[in-house]
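Below are the chains, spelled out letter by letter.
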Amino acid sequence: MSSVMIVDDEKSIRFTLGEFLKAEGFNVFEAEESESAMNILRSNKIDIIVTDIYMPKESGLDFLKKIKILDSNIIVILITGSPSLESATAAIRDSAFDYLVKPVKKEEIVDCVKRAVSFRSLREQDDQLRNFSTTVDLKFSDNFKKIITRNEKLKSIFKYLEAISNTKEPLLIVGETGVGKELFAESFYRSTCRKGEFVKVNIAGVDDQIFSDMLFGHKKGAFTDAFSNRDGLVKKAKDGVIFLDEIGDLSLQSQVKLLRLIQEGEYYPLGSDKPEYTNSLIVTATNHNLNKLQQDGLFRKDLYYRINTHKIIIPPLRERENDLPLLIDYFFQVVSDELGKPMPKVPVDLYKILDAYSFPGNVRELKAMIYNLISSHGNYKLSLKSIYDHINFIEYSETGKKEDRNDEESIIFPKKLPKYEEILDDLLDEALRRSHGNQRLAASMLGITRQAVNKRLNSRKFIR
C-alpha cells in the first residue's frame, strides 16, 4: 500500500486528513513542518506528500522544491487556507500534482491521493517501458512460444507486454475475430509471473444477472435456484489474471459493476450487502470499435478510459504475409498429429493460393481450412478442392456488400476514363498477379469461370 505524509503545523488537520486516508488503507506519516518532514523522508519510503503552503520556518512551495531535488518521483499535493492566483501558479510551475483549498473534504483528499497513486504507477511503468526497450535483449521463447510468428509488429507487442508485466492496471486487447486475442492474454499472464490462475470468461450475449453470478458468485437464497453459496470467477482469479473476452457486448448495467471492480477492486456477490475484494489483474478483449460504441452511448466513457490504460492492437493475418508459410507448415504438423495421420507434403500451390486470400477469419480460419484439407485426405495426392470451395463460398458470401466498403477499397478512376477492354485486361492482370498466375484462383477473385479467364488470355494472344 502507498505511503502518504501529511505536513501541516495544525495538529487537528493532520489528524483529520490522516484518519480519512487510513480508512482507505494508506500508510500515513505526519510532520508539523518541513525540517521534521525531511528527516522522515530520509529514513522512509514516501510516495505522496500532502503539505500546507503557509507554515512556520519554511513555506510549502520552498519545501516542494527540496522534495523534487531529493526524489523527483515523490508526488506533492499542496493545500492552503488562503488561496491566491500567485500561489496556484507557483504550485503548477514547480510540478505540484494538485492544489486543494481548506477545509478539505474527505472525498476531495481521498480522490486526489488515489489519482496521485494511479499517476505515479503509470509514470513508473512508462519509465520501465522506455528503459526496457533500450536495454533489454528480449527472449520470447517461453512466454510467447504458442504464438507462431516472425512478424516484427507482433514482436514489438511481445516486447511491450513483457515491459508492463508488473502492472496493476488493466490491459485491453483489440483485434479482429480469429487473430488470437485469448492466446495473447494467456501469454501476457505467463509473463506476469502471478501466482494465481488465468481465468477466462466470454461475456458475449450475457445478461446482467448471469454476468454478476458468473463473476461475483452468489449467496444462498439470492434467487430461486440458489440453494447454497457459490464463489464467482473473480475469486477464483485471486492473485492471478481474469480475462474478459468480447467486452464490447457487455450491458450498460454490468459495465457499472465492472468499473467498480477495476477502480476499487470491490464487488458484491448476488444476495450480499457486504463487499468483497480482489487483487486480480483485469485483461479485456474486443473486436468492436469501443470508441464508436461509447460515442453512440453503448459503452460507458469512464469504463472505456479505465480499461484503456494499456492497449495492444493485434494485426490481422492479411497484414502478416511473412507469417503465412510458417503458419501453414505449423498447422500441417499440428493437425496431422491431432488426427493421427502422417503429415502430407505441403503443395507449393497452397502457399500461392492462400497468399492471395484475405482471411476474414484470420488464424482461426486458416487452421480450420487446413483441418478440413487434411481430414479429407486419403492415400492419394492431396486435393486442394476444399480450399477452393471454402474461398469461393466466403467470397460469394461477401458479394454485394458495397455498404461495407471503405475509401481504400473503392476504385479511383482517372479523369479520362479507360476503354472497357482496357479495364478488363487490367483487372485480369491484377488478379493473376495476386494469385501468382493461378487461373482458377484468379477466376474466383473475379467471380467468373476459369474457362472465361483462359478464353480472355487466348484472345489477347491472338490480337497481339
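Our subject is the structure that appears above.
Residues numbered from 1 in each chain as written. Predicted model: local features only at pLDDT ≥ 70, side-chain atom pairs only at ≥ 80, totals over all residues. Heavy atoms only, no water.

Asks: Residues and numbers for the overall build of the protein, please.
Replies: What the protein contains, in helices and strands, is 19 helices and 14 strands. Out of the 464 residues in the protein, the part that is buried amounts to 44%. Taking all contacts inside the protein whose residues are at least 6 apart in sequence as the whole, residues at least 24 apart take part in 68%. Summed over its atoms, the accessible surface of the protein is roughly 25800 Å², and 52% of this surface lies on carbon and sulfur atoms. (Helix = DSSP H or I, 4+ residues; strand = E, 2+ residues; numbered from the N terminus. Buried < 20%, exposed > 50% of the residue type's maximum accessible area, 1.4 Å probe, protein only. Contact = heavy atoms within 4.5 Å. Areas by Shrake-Rupley, 256 points an atom, 1.4 Å probe, with all protein chains shown as cover.)

Asks: Outline the sheet that holds strand S4 (residues 75-80), listing residues and values.
Replies: If you trace the 5 strands from one edge of the open sheet to the other, you get S2-S1-S3-S4-S5, paired in parallel fashion. Only two strands of the sheet have a single partner each, and these edge strands are strand S2 (27-31) and strand S5 (98-101). Sheet twist, expressed as the average angle between the axes of neighbouring strands with direction ignored, equals 20 degrees. Across 5 bridges, the pairing between strand S1 (residues 3-7) and S2 is parallel. Bridge pairing links Ile6 to Glu30 in S2. The strands touched by helix H1 (residues 11-22) are S1, S2 and S4; relative to S2, the strand with the most contacts, the crossing angle is about 170 degrees. (Pairing = 2+ DSSP bridges. Axes fitted to C-alpha atoms, helices over the stretch in contact; angles between N-to-C directions.)

Asks: Explain the environment of Phe198 residue by residue, including any values.
Replies: Among the secondary structure elements, Phe198 is positioned in strand S7 (residues 198-202). Placed 45 residues apart in sequence, Phe198 and Phe243 show a C-alpha to C-alpha distance of 7.3 Å. Filtering out sequence-adjacent residues up to four positions away, Phe198 remains in contact with Glu182, Ala185, Glu186, Tyr189, Val241 and Phe243.

Asks: Can you explain the packing of aromatic side chains? Please cite residues and give values.
Replies: In total, this model carries 9 aromatic pairs according to the counting rule given. Taken together, Phe144, Phe158 and Phe184 form an aromatic cluster joined through their ring pairs. (Phe/Tyr/Trp six-rings, centres within 6.5 Å; stacked < 30°, edge-to-face > 60°.)

Asks: Give me the lowdown on the pattern of salt bridges, citing residues and values where you can.
Replies: All told, the structure shown has 28 salt bridges when counted by the stated rule. Note that Glu24 is salt-bridged to Lys114, the shortest N-O span being 3.3 Å. One end of the pair, Glu24, is in the loop between H1 and S2; the other, Lys114, is in helix H5 (residues 106-135), and 90 residues separate them in sequence. Given the relative accessible area of 31%, Glu24 is considered partly exposed. Lys235 is the salt-bridge partner of Glu276, the closest N and O atoms lying 4.0 Å from each other. With Glu276 in strand S12 (residues 276-277) and Lys235 in helix H9 (residues 233-236), the pair connects residues that are 41 residues apart, well separated along the chain. Taken together, the salt bridges that share partners define one network made up of Lys219, Asp231, Lys235 and Glu276. (Salt bridge = Lys/Arg side-chain N within 4 Å of Asp/Glu carboxyl O.)

Asks: Mind laying out the sheet that holds S7, listing which residues take part and the relevant values?
Replies: Taken together, the 5 strands give an open sheet; going across it, the order is S7-S10-S13-S6-S14, and neighbouring strands pair in parallel fashion. The open sheet is flanked by S7 and strand S14 (310-313), the only strands paired with a single partner. Adjacent strand axes in the sheet meet at a mean angle of 15 degrees, parallel and antiparallel pairs treated alike. With 4 bridges joining them, strand S6 (residues 171-174) and S14 adopt parallel strand pairing. Paired with Val174 across the strands is Ile313, a residue of S14. Along the sheet, helix H7 (residues 181-192) contacts S6, S7, strand S10 (241-245), strand S13 (281-286) and S14; its crossing angle with S13, the most-contacted strand, is approximately 160 degrees.

Asks: Quick one: what's the story with the environment of Val101, residue by residue and with numbers?
Replies: Position of Val101 relative to the elements: it lies in strand S5. Through-space distance from the C-alpha of Val101 to that of Ile79 is 5.6 Å; in sequence the pair is 22 residues apart. With sequence-adjacent residues up to four places away left out, Val101 is seen in contact with Thr80 and Pro83.

Asks: Now, about helix H6 (residues 152-163): what can you tell me, with residues and values included?
Replies: Under the 1.5 Å per step criterion, the end-to-end length of H6 is 17 Å for 12 residues, consistent within 8% with the ideal 16 Å. All of the buried residues along H6 are Leu154, Ile157, Phe158, Leu161, Glu162 and Ala163. Where H6 begins, one side-chain oxygen reaches toward the backbone nitrogen of Lys153, 2.9 Å away; that side chain belongs to Asn151. (Expected span 1.5 Å × (residues − 1). Polar contact = N/O pair within 3.5 Å; in protein donor to acceptor, adjacent residues only side chain to side chain.)

Asks: I'd like a rundown of unusual backbone geometry, residues and numbers included.
Replies: Omega for the peptide link from Lys102 to Pro103 comes to -5 degrees, which places this bond in the cis form. Along the chain, Pro103 falls in the loop between S5 and H5. Unusually for a residue other than glycine, Phe359 sits at a positive phi of about 50 degrees. Here Phe359 is to be found in the loop between helix H14 (348-355) and helix H15 (362-375). With a phi angle near 60 degrees, Asn362 is a residue other than glycine that sits in the positive phi range. Structurally, the position occupied by Asn362 is in helix H15.

Asks: Break down the side chain of Ser254 for me, citing the residues and quoting the values.
Replies: Along the chain, Ser254 falls in helix H10 (residues 252-264). Other than its neighbours up to four places away in sequence, Ser254 contacts Asp208 and Phe211.

Asks: Could you give an account of the environment of Glu186, with specific residues and numbers?
Replies: By secondary structure assignment, the location of Glu186 is in helix H7. Judged by relative accessible area, which is 22%, Glu186 ranks as partly exposed. Each C-alpha atom, one on Glu186 and one on Phe144, is 8.9 Å from the other, the two residues being 42 residues apart in sequence. Residues contacting Glu186, with those up to four places away along its chain left out, are Lys146 and Phe198.

Bear in mind that shape data such as this cannot, by itself, settle questions of function.
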